[in-house]
Amino acid sequence: MNLKDQFIKYFVSHGHKEIPSAPLIPENDPTVLFNTAGMQPLIPYLLGKEHPKGKRLCDAQKCVRLTDLDSIGDKTHHTFFEMLGNWSLGDYFKKESIHYSFDFLTNILNIPVERLAVSVFAGNEDIPRDLVSAKIWEEVGIPKERIVYLGVEDNFWIAGDSGPCGGDTEIFYFRSNEEIPREFDPNDERWVEIWNNVFMEYNKDENGKITELASKNVDTGMGLERVVAVLENTDDNYKTSVWKEVIEAIEKVSGKSYLGNEVSMRIIADHIRTSVFISADPAGIKPSNTDQGYILRRLIRRAIRHAKKLGIDTTMNWMEPIALEVIKKYENYYQEIKMNKKVVLDVLNNEGVKFNRTLEKGLKEFDKMLKNINNKVIDKEQAFRLYDTYGFPIELTEEMGREHGLSVDIEGFKEKFRAHQELSRTASKGKFKGGLMGHSEIETKYHTATHLLNAALKQIIGLDVHQKGSNINEERMRFDFSCDHKLTDEEKKQVEELVNTWIKEDLPVKMVTMSKEEAVKSGAEAMFIEKYADVVNVYTIGDVSKEICGGPHVENTGVLGHFKILKEEASSAGVRRIKAVLE
Ligand code: SER
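Think of each chain on its own: its residues are numbered from 1, step by step along the sequence as written. Local features in this predicted model are restricted to residues of pLDDT 70 or higher, and side-chain atom pairs are both shown and tallied only at a pLDDT of 80 or more, whereas totals for entire chains, interfaces and linings draw on every residue. Hydrogens and water are ignored here; the side-chain numbers use all heavy atoms of the structure.

Further remarks concern the overall build of the protein. For the protein, the helix and strand inventory stands at 18 helices and 18 strands. The quantity called the radius of gyration is restricted to C-alpha atoms. Its globule counterpart is 2.2 Å times the number of residues to the power 0.38. Relative to the compact-globule value of 25 Å for 583 residues, the protein shows a C-alpha radius of gyration of 26 Å, a close match. Counting only C-alpha atoms, the protein reaches 75 × 60 × 45 Å along its principal axes. Here the contacts in the protein between residues at least 6 apart in sequence split such that 69% fall between residues at least 24 apart. Strands are runs of DSSP state E lasting at least 2 residues, helices are runs of H or I lasting at least 4, and numbering of each runs from the N terminus. It only takes one pair of heavy atoms within 4.5 Å for two residues to be counted as in contact.

Have a look at this one:
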C-alpha cells in the first residue's frame, strides 16, 4: 500500500472521516492564488464552525507553493505537492495527537525510534513553553536529548499574518547512513522534518492580538513526497516511486538519462505535474498574463525551455506522454484529473505551439544580447523585447541571465511594462505584485462587468445578495453570490438588461484610495474585509456601484460591449453561480 492510502486508512480506523481535497484554486477567496496548506480550506472550522463530517478529519490536500519556484531543480523542492493531514476540531488534543503520530511512524511505517527526534514550542511572552508535549514525547519513548525547544520562528504556525494559530511540535527523521548522534541538533541537516503537529488554540487578529479560540484544535501536516523519499531511503525526491514513471517518460522523450541531466529533468517533471493540476482544476484556468493563468504560462514555458536544453524537439507534442504519466498516477484520487484529461492535454499542447512560434528566434535574440551586455545587467529594453516580442516571461529571462552570471533590470522592466499597459489603455494599477503581469484588455473589461453584475443583482434580487467568489479569464466571467433560490428567466433577463443599460450610459469608472475604515463607512462593498490592507482602492461606477477592489478597470462602461448571461446554476448551499460573457 502506498503512503497516502496507509495514512488515510490509519486515521479512518481511529475514528477520523476522510474528506476530499479542496480544489487547488480556492473557490471563494480571490486574495490567494492557490491552496498552500492542508488546513487552509478548514480555516472556518478551526475558528469554530461545525464541520458536517464531524470533529475528526483526515485527507490528502493538493497544494501549490510558489515561494520555492526558483529552487525547483534541486533534490527536494516542488511547486505542487500533496499534504497529508489529520485534524481534531475541539476533540482530542496534544496527547492523542502525539500518540497517533508516533504509532503511525513506528508501527505502521516501521521507522525505528532511534531515527526520530522532535522539537516543541519554547514559548514567548504570550504563550507558555510547551512542557506538556515534551512530557508526552518522553512517555512514548523519545529520549530527553532528542527533544529540543524552539521559538516562534520554528515552532509556531500561522497561515499568513492572521487567523487560527498555535505552537507546534515537529518530528524529524535522521536521514544518513552515518552514526546517529545521541543528541538532536536541529541545525544538522541530516535531520529532516517529516511531520508538523500544530496545536491550534489561538486566533491572531489583524493587530497582532492573540486570543484563545473557542476550542482547542489539532492540525497536522505531512509532506507526502518528502516522507516517501525517507521511506525509500533516498535524498532525491525525484528518484522515488512518486516520480519514477514521469522521469522515465522524460528520459524516453529526450533519449537522455536522468543521471547527468537532473536539473532540467526535475524542472520539467515538476512543472508539467503542476500544470496538469492547475489546468484540471474546476476554475478553468488557461495560460494568460494574469494571476493563476500567468503562473501556468510561466511553468509551461520554463518546462519548454528546459526541454530544448535536453535536445527535445519541442515542435512535437512532447509534453503529452509525460502529462499522461502524471494523469495516470493521480486520476484515481482526484476526479478532476480524470474528467478534464482532454482539457489538460489541449492546454499543454496549445501553449507549447504558441511559445514555439517565437522560442527559437527569442533564444537567438538572447544570444545576440549576450554580446551587448553592460555591467552584467540585462537592460530594460532587452528584457522587455524578450517579453513582448518573443513571449519570454520575465522570470525566464532572469533565469537565463543567471546562468550567464547576469542580472536583469527588473525595476526598469516594470516601468516599461506599465508604460506599455497604459498605452494599450489597460491600467495595471496595483496588480504588479509577486511577479504577476497586468491584466489583458478583455479581463479588465470583465472586472468592471463583475461590479456591474454585483450591483444589478442587488437591485433586482435584493440587497442581501453578496458576492461569494469571482473568477475571470479571457473567455468569460464567473460570479458566485449568496441567494436562496434559482433565478427565474424573468430575473435573469432583468439583470442582463440593467447591466446593458449601464453599459450604454457609458458611466465613468473612478478610483479613490482611502483607509479601510473610511471605505467601509462610505458604504463600499467588500467581500473579505478582514483580508484587505489598511489602505484600499475604492472603485465607483457612476452612482450604481462602489466596491473595494484591486482593479484594474476600464475608464468608462461604454467599452464593455454587450453583456450576456450564459448560465445560472447552484454553486453550493445558498450560493448561486452565474457565467457570463461580453460580446
Ligand atoms: N498547517 C501546518 C503546515 O502546513 C500543519 O498542517 O505545516
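A separate point is helix α6 (residues 224-231). Partly exposed residues are those whose accessible area sits between 20% and 50% of the maximum for their type, while under 20% is buried and over 50% is exposed, using a 1.4 Å probe and protein chains only. A large share of α6 lies buried, amounting to six of its eight residues. Taken as a whole, α6 has its buried residues at Leu224, Glu225, Val227, Val228, Ala229 and Val230. Packed against the buried residues of α6 are α1 (3-13), β3 (80-89), β7 (163-174), β8 (191-204), β9 (210-223) and α8 (262-280). Looking one or two residues past α6, Asn233 carries a phi angle of roughly 60°, positive in sign.

The next thing to look at is the side chain of Gln292. The topology assignment puts Gln292 in helix α9 (residues 291-309). Setting aside chain neighbours within four positions, we find Gln292 in contact with Ile25, Val32, Leu33, Phe34 and Ile285.

Any two strands with at least two DSSP bridges between them are considered paired. Where strand β4 (residues 116-121) and strand β5 (residues 147-150) come together, four bridges link them in parallel fashion. Paired with Val120 across the bridge in β5 is Tyr149. Crossover handedness is defined by viewing with both strands directed away from the observer: a clockwise path from the first strand over the helix to the second marks the crossover as right-handed. The β-α-β motif built from β4, the intervening helix α4 (residues 131-140) and the parallel element β5 has right-handed crossover chirality.

We call Phe, Tyr and Trp rings a pair once their centres come within 6.5 Å, taking the six-membered ring for Trp, and we label the pair stacked below 30 degrees between planes, edge-to-face above 60, and tilted otherwise. Throughout the structure, instances matching the rule amount to 29 aromatic pairs. Seen in terms of ring centroids, Phe11 and Tyr100 are 5.9 Å apart; in terms of plane orientation they differ by 80°. Their pairing is edge-to-face. Of this pair, Phe11 sits in helix α1 while Tyr100 is found in helix α3 (residues 94-108), placing the two residues 89 residues apart along the sequence. The same class applies to Phe11 and to Tyr100, which are both buried. For the pair Phe80 and Tyr330, a centre-to-centre distance of 6.3 Å together with 80° between the ring planes defines the contact as edge-to-face.

Pairing is antiparallel in the open sheet, where four strands are placed in the order β12-β13-β18-β17. Both outer strands of the open sheet, β12 (467-472) and β17 (563-572), are each paired with one neighbouring strand and no more. Strand-to-strand twist of the sheet, defined as the mean angle between neighbouring strand axes without regard to direction, takes the value 20°. Note that β12 and strand β13 (residues 477-482) share five bridges and pair antiparallel. Of the residues in β13, the one forming a bridge with Ser470 is Phe479. Taken strand by strand, helix α16 (residues 441-460) contacts β12, β13, β17 and β18 (575-582), and its axis lies near 25° from that of β13. Axis lines are fitted to C-alpha atoms, over the contacting stretch for helices. Their N-to-C directions set the angle, which ranges from 0 to 180 degrees.

Right, let's talk about the site of the ligand for a bit. For this purpose, a residue is taken to be near a molecule or strand whenever a single non-hydrogen atom of the residue falls within 4 Å of it. Surrounding the ligand, one finds Ala37, Met39, Arg65, Met83, Trp157, Asn196, Val198, Asp219, Thr220 and Gly221. Here Asn196 contributes a side-chain N or O atom positioned 3.2 Å from an oxygen atom of the ligand. One of the backbone nitrogen or oxygen atoms of Thr220 is found 3.2 Å away from an oxygen atom of the ligand. Every accessible area reported is derived by Shrake-Rupley at a probe size of 1.4 Å, with residue values counting cover from the shown protein chains alone. For the ligand, whose accessible area on its own is 230 Å², the fraction buried by protein is 94%. Every element with two or more residues in the shell around the ligand is listed here: β8 and β9. Considering each element in turn, the shell around the ligand owes the most residues, three residues, to β9. Its residues assigned to classes, the shell around the ligand shows five nonpolar, three polar and two charged. Between N or O atoms, a polar contact is any pair within 3.5 Å; within protein, one atom must be a potential hydrogen donor and the other a potential acceptor, and residues adjacent in sequence are included only when both atoms are from side chains. Gly is put with the polar residues, along with every residue not named as nonpolar or charged; the nonpolar set is Ala, Val, Leu, Ile, Met, Phe, Trp, Tyr, Cys and Pro, and the charged set is Asp, Glu, Lys and Arg.

With that settled, the discussion passes to the pattern of salt bridges. Salt bridge, as applied in this entry: a Lys or Arg side-chain nitrogen positioned within 4 Å of an Asp or Glu carboxyl oxygen. All told, the structure shown has 37 salt bridges when counted by the stated rule. The closest approach of N and O atoms between Arg305 and Glu403, which form a salt bridge, is 2.6 Å. Separated by 98 residues along the polypeptide, Arg305 in helix α9 and Glu403 in helix α14 (residues 394-403) bring together distant segments of the chain. Residue class for Arg305 comes out buried when judged on its relative accessible area of 7%. Judged by relative accessible area, Glu403 falls into the partly exposed class, the value being 38%.

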